[in-house]
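# Remarks on the overall topology
Next come the chains, spelled out residue by residue.
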Amino acid sequence: GFLVHRRGVPRAMSDAAHRRVASLNAHLSPGTGNSSTVHQKSPDDIVVVSALRTPITRARKGGLKDTPADDLLATLLRASVAATGLNPVDVGDVVVGSVLGNSSQRANECRIGMFLAGFPASVPVRTVNRQCSSGLQAVADVAAAIKAGFYEVGIAAGVETMTSNPMKWEGGMNPRVASSSDAQSCLIPMGVTSENVAERWNISRLTQDSFSVRSHARAAAARSSGRFDSQIVPVHTTWVDPATGETKNIIVKEDDGIREGVSLEALSKLPAVFKKGGSTTPGNASQISDGAGCVVLARRSYAEREGLPIIGKFLAFAAVGVDPLVMGIGPAVAIPAAVEKAGLRVDQIDLFELNEAFASQATYCAEKLQLNHEIVNVNGGAIALGHPLGATGARCVATLLHEMKRSHKKTGVVSMCIGSGMGAAGVFAAE
């Protein structure tokens, strides 16, 4: 029940009113839309001290197809400690985004991966699943826990092995789903939601294929120029040759889904796969992939006291719901919400990592928000690199922060759509 103040005002109502007034004051303050305020430093800032990822490789075909999730996670945890000098004993929690792995088994695999990386038993670990935003949700969860004072340093990661854990519906269907159109829409294949977006907002096949060509070209240029090198941790693993069955020891150093030199003509020949006469094809949709990402966050006072490198600052996060029929529009709603929480405007953001679930929805979101294509996915996106669902958010944070440092940009956003009709976005500032 409610606790009552002396004047009979419900405390819960009073607290809510207080938060609303504080929010309004923040919006009306001179700092609103002033990007200089986000670069002011406070001991209580939530900072990023490391953001790394494995290569992203093609499911069932690529270099990581035979690598278990715990090995991917262990590789990044070890590398994060080595890169920062972090004392693992201090880590308050390890939060791992994962979507397709069996829930209880994946949670145990994450604990195993932590031990394989040499972390002590005193450090806890858990998983989080908000589908395609799980890696970013892990970052937000760790940031929130640090802000709340639960601990001073934590690790947010994401991992997905789509070779071992393909997308599928398990078990039966609740017959009550038929009573709710929104509930029914949650069961629509993601490719069909892409077709819905393309049809509703007149996004042509040519536009989608052109978007994909640009993604591959940018990713190929980034790979060949070594732009990904600082964020990628090579994975020492075993690989079974599908032709001979021979097991080989290999080192996976690069993303292997990028199609260098792919042409608009080649993509135009691919058939639509989700709707007869549709426009969504394997060429303008994200690839199914294997990979992992890892982000270490800390309170600024802790990072400075321990001499940890600071590469960025976490500013804000928002998750929103949208119509499941057009789930791909989620970023168009989540980005303004998150940016506003950071005290900024969308036009003040220097770089965007907008997950390319489908070219249709990524195009819609960029156009809806009037984003300049020259600052969106400047090193390509999931159409070229791949989309290991639970890892994508953490991967995008790594790609964003390393690019912000390389190109001397001040602010950046990571965002993605989410199956069943949601969107998420995180806002970051350069150090």
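Everything below is about the structure printed above this text.
Remember, predicted model here, so these are calculated numbers, not experimental data. (Residues numbered from 1 in each chain as written. Predicted model: local features only at pLDDT ≥ 70, side-chain atom pairs only at ≥ 80, totals over all residues. Heavy atoms only, no water.)

## So, the overall build of the protein chain
Our working definition: Elements are defined by DSSP. Helices are runs of H or I of four residues or more, strands are runs of E of two residues or more, and each kind is numbered from the N terminus. Within these notes, the globule rule equals 2.2 Å times the number of residues to the 0.38 power, and the radius of gyration is based on C-alpha atoms. Residue burial is assigned from relative accessible area. The probe radius is 1.4 Å, only protein chains are included, and a residue is buried under 20% of its type maximum, exposed over 50%, and partly exposed in between. Throughout, a contact is declared for two residues whenever any of their heavy atoms are within 4.5 Å. Accessible surface is estimated by sampling points in the Shrake-Rupley manner with a 1.4 Å probe; for residues, cover comes only from the protein chains shown. Note on charges: Lys and Arg go in the positive column, Asp and Glu in the negative column, and His and the chain ends are not counted at all. To locate a charge, take NZ of a lysine, CZ of an arginine, CG of an aspartate or CD of a glutamate.
For the protein chain, the helix and strand inventory stands at 13 helices and 12 strands. Here the C-alpha atoms of the protein chain give a radius of gyration of 22 Å, agreeing with the 22 Å that 2.2 N^0.38 yields for 431 residues. In terms of principal-axis extent, the alpha carbons of the protein chain reach across some 75 × 50 × 50 Å. Within the span of the protein chain, comprising 431 residues, buried residues form 53% of the whole. Here the contacts in the protein chain between residues at least 6 apart in sequence split such that 80% fall between residues at least 24 apart. Surface summary for the protein chain: the accessible area is close to 18700 Å², and the carbon and sulfur share equals 53%. In the protein chain, the 43 positive side-chain charges and the 38 negative ones have mean positions that sit 4 Å from each other.

## Details of the pairing of strand β1 (residues 46-53)
The two faces of a sheet get side chains in turn, since along a regular strand they alternate between them. The cut-off we apply is this: Two strands qualify as a pair provided that DSSP identifies no fewer than 2 bridges between them.
For β1, the buried fraction is high: eight of the eight residues fall into the buried class. Relative to strand β8 (residues 289-299), β1 runs antiparallel, the two being bridged by seven bridges. If you follow S50 over to β8, its bridge partner there is V296. Here β1 runs beside strand β9 (residues 312-321); their pairing, made up of three bridges, is antiparallel. From the neighbouring strand, I46 faces β9, where its bridge partner is F314.

## Considering the packing of aromatic side chains
Aromatic ring pairs: the centre-centre distance and the angle between the two ring planes describe each pair. Filter applied, for reference: A pair of Phe, Tyr and Trp rings is counted when the ring centres sit within 6.5 Å of each other, with Trp represented by its six-membered ring. The angle between the planes then sorts it: under 30 degrees is stacked, over 60 is edge-to-face, the rest tilted. Put simply, a charge is over a ring when the Lys NZ or the Arg CZ is close to the ring centre, within 6 Å, and near the line of the ring normal, within 35 degrees.
Scanning the model with the defined rule gives two aromatic pairs in all. Look at W201 and Y364: their rings are 4.4 Å apart centre to centre, the planes differ by 40 degrees, and that puts the pair in the tilted class. Here W201 is found in the loop between α6 (190-200) and α7 (205-224), whereas its partner Y364 is found in helix α11 (residues 359-368), with 163 residues between them in sequence. For the ring pair F314 and F428, a centre distance of 5.7 Å and an interplane angle of 80 degrees mean the geometry is edge-to-face. In this pair, F314 is assigned in strand β9 and F428 in strand β12 (residues 422-430), connecting sequence segments 114 residues apart. The pair formed by F314 and F428 is uniform in burial state, with each residue classed as buried. R53 extends its terminal NZ or CZ atom over the ring of F228, reaching a point 5.0 Å from the ring centre.

## Examining the environment of I251
Take I251: it is sitting in strand β7 (residues 247-252). Given a relative accessible area of 45%, I251 falls into the partly exposed group.

## Thoughts on the side chain of D255
Rules: Definition of a polar contact: a pair of N or O atoms within 3.5 Å, with one able to donate and the other able to accept a hydrogen when the atoms are protein atoms, and with sequence-neighbouring residues admitted only if both atoms are side-chain atoms.
Considering the arrangement of structural elements, one finds D255 in the loop between β7 and α8 (264-268). For D255, the side chain forms a polar contact with the side chain of R53, separated by 2.8 Å. Within the local environment of D255, its side chain forms a polar contact with the backbone nitrogen of I56, the two atoms lying 2.8 Å apart. If near-sequence neighbours (up to four positions away) are discounted, D255 is found in contact with R53, P55, I56, R223, F228, I232 and L385.

## Examining the state of the cysteines
To keep it simple, the criterion reads: When two cysteine sulfur atoms lie within 2.5 Å, the pair is treated as a disulfide.
Counted under the stated rule, the structure contains zero disulfides. Free cysteine: C365, not disulfide-bonded; nearest cysteine sulfur from C417 at 7.0 Å. For C365, a relative accessible area of 0% gives the class buried. Here C396 is not disulfide-linked; the sulfur of C132 is the nearest cysteine sulfur, at 11 Å. Judged by its relative accessible area of 0%, C396 falls in the buried class.

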